[in-house]
Amino acid sequence: MRTIPYAEVQLHKSASSCWVILYNQVWDVTSFLSSHPGGTKIILQLAGTDATSEYDPVHPEGTLESSLPTEALLGHIDLATMPKEEAVEVGREVVKQAKAEAGGKQGHPQDDEWKPETVEQCLNLDDIERLATRKLSKKAWSYYFSAGDDLHTKSHNNTAYRQILLRPRIFIDCTLCDPSISLLGKYKLQVPFFVSPAAMARLGHPDGEAGIARAAAKYGALQIISNNASQTPEQIVANAPPGQIFGWQLYVQTTRSKSEAMLARIHALPSIKFICLTLDAPVPGKREHDERSSNVAASLPSPSALTSTPDSAESRAETAAGG
């Protein structure tokens, strides 16, 4: 297997000849462009470059080998010819600007000086956000923080939650408090909240959704797995202890047979007890923070549609489970 200089890879970044670098290997993905579930645009954005940082967090292990023939592997990249990567950090001013755009609170000036170094030092969600802002890459932070357009709905959601108050009670024996709840009439959870189906967990940590599953098991919490998880459902539930339960988020694909196949696959995993159907994504949202950070996730097409026609089934690209 030959060693290929970076300059040669740079020559192949069109639809007629498309090479990418993945895990220090050079792959010819030209023949795969038309069948890529996320569409050709996403791959062409990364053509002629090292796409590992974009590819790895959003694709389950084994995707590359199962999607490309062995002859598509052209060789190893000559690391000495690779350009130096520039580290990108999201500064506190970027966070403040984003919060201002969203109409969010700025907080007390002294609060801005508090910079927790570990999760253990975090006292609330604002602390966790500060820590994540400093630890995550710009692309990861933009994806997790962003929402549609000017973030007005996101800001309204936060305001609505702040208006929910706890009802005070007096003369109630609270020496033995039990926060556990029953789900669907037969599954007991130790806490009255759950992990919602947010996509691409490996953008934030290599353990991804499987790491979230371990944390959920520790506290007896429910995890609903995203349809666009960065790991396969089998990988996520593989080490679940007896009694741990999961839900699975479903986007109904324009090609209904693909959804049926996924449901059969999920049904074969006994720890996944129910389906959570997502109804509000007939078209992709316009996520401006993703676009500003050149995040590939901003270009992903909608994986679902309200109707299925012969034209839409053939012409509309659908998002892969890892993307």
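Here the structure is shown first, and the text comes after it.
None of the values given here were measured: they were computed from a predicted structure. (Residues numbered from 1 in each chain as written. Predicted model: local features only at pLDDT ≥ 70, side-chain atom pairs only at ≥ 80, totals over all residues. Heavy atoms only, no water.)

Draft legend 1. Fine view of the overall build of the protein chain. What the protein chain contains, in helices and strands, is 14 helices and ten strands. Sorting the 323 residues of the protein chain into buried and exposed places 39% on the buried side. Within the protein chain, contacts between residues separated by at least 24 positions form 67% of all contacts whose residues are at least 6 apart in sequence. Carbon together with sulfur atoms contributes 57% to the accessible area of the protein chain, which is approximately 19500 Å² in total. (Helix = DSSP H or I, 4+ residues; strand = E, 2+ residues; numbered from the N terminus. Buried < 20%, exposed > 50% of the residue type's maximum accessible area, 1.4 Å probe, protein only. Contact = heavy atoms within 4.5 Å. Areas by Shrake-Rupley, 256 points an atom, 1.4 Å probe, with all protein chains shown as cover.)

Draft legend 2. Highlighting the pairing of strand β2 (residues 19–22). Residues of β2 alternate between two faces, with Trp19 and Ile21 on one and Val20 and Leu22 on the opposite face, all of them buried. As paired strands, β2 and strand β3 (residues 25–28) are joined by four bridges and run antiparallel to one another. Its bridge partner being in β3, Trp19 is matched across the sheet by Asp28. In textbook terms, the turn of a hairpin is the stretch between consecutive antiparallel strands, and for β2 and β3 this stretch comprises two residues, one of which, Tyr23, has a positive phi near 55 degrees. (Pairing = 2+ DSSP bridges.)

Draft legend 3. Representation of the packing of aromatic side chains in the model. Scanning the entire structure with this criterion turns up three aromatic pairs. Aromatic pair Trp141 and Phe145: ring centres 4.7 Å apart, planes at 10 degrees, arrangement stacked. Of the two residues, Trp141 and Phe145 both sit in helix α8 (residues 138–145), four residues apart, roughly one turn of that helix. With a relative accessible area of 4%, Trp141 lands in the buried category. Classification of Phe145 as buried rests on a relative accessible area of 9%. Taking 5.8 Å as the distance between ring centres and 65 degrees as the angle between the ring planes, the aromatic pair formed by Tyr143 and Tyr144 counts as edge-to-face. By relative accessible area, Tyr144 is classed as partly exposed at 36%. (Phe/Tyr/Trp six-rings, centres within 6.5 Å; stacked < 30°, edge-to-face > 60°.)

Draft legend 4. Spotlight on the environment of Gln10. Locating Gln10 in the fold gives a position in helix α1 (residues 6–10). Setting aside anything within four residues of it in sequence, one finds Gln10 in contact with Gly48 and Thr49.

Draft legend 5. Just the sheet that holds strand β8 (residues 222–225), in detail. Taken together, four strands build an open sheet; the order of strands is β7-β8-β9-β10 and the sheet is parallel. Two strands lie at the open edges of the sheet, namely β7 (194–195) and β10 (272–277), each paired on one side alone. The pairing of β8 with strand β9 (residues 246–250) spans three bridges and is classified as parallel. Residue Gln223 lies in a different strand from β9, and its bridge partner there is Phe246.

Draft legend 6. Molecular detail of the pattern of salt bridges. Under the counting rule described, the total for this entry stands at seven salt bridges. Between Asp56 and Arg202 there is a salt bridge; the shortest N-O distance is 2.8 Å. Of this pair, Asp56 sits in the loop between α3 (52–55) and α4 (63–67) while Arg202 is found in the loop between β7 and α10 (208–219), placing the two residues 146 residues apart along the sequence. Among the residues examined, Asp56 registers a relative accessible area of 25% and is labelled partly exposed. (Salt bridge = Lys/Arg side-chain N within 4 Å of Asp/Glu carboxyl O.)

Nothing here speaks to function; it is geometry throughout.
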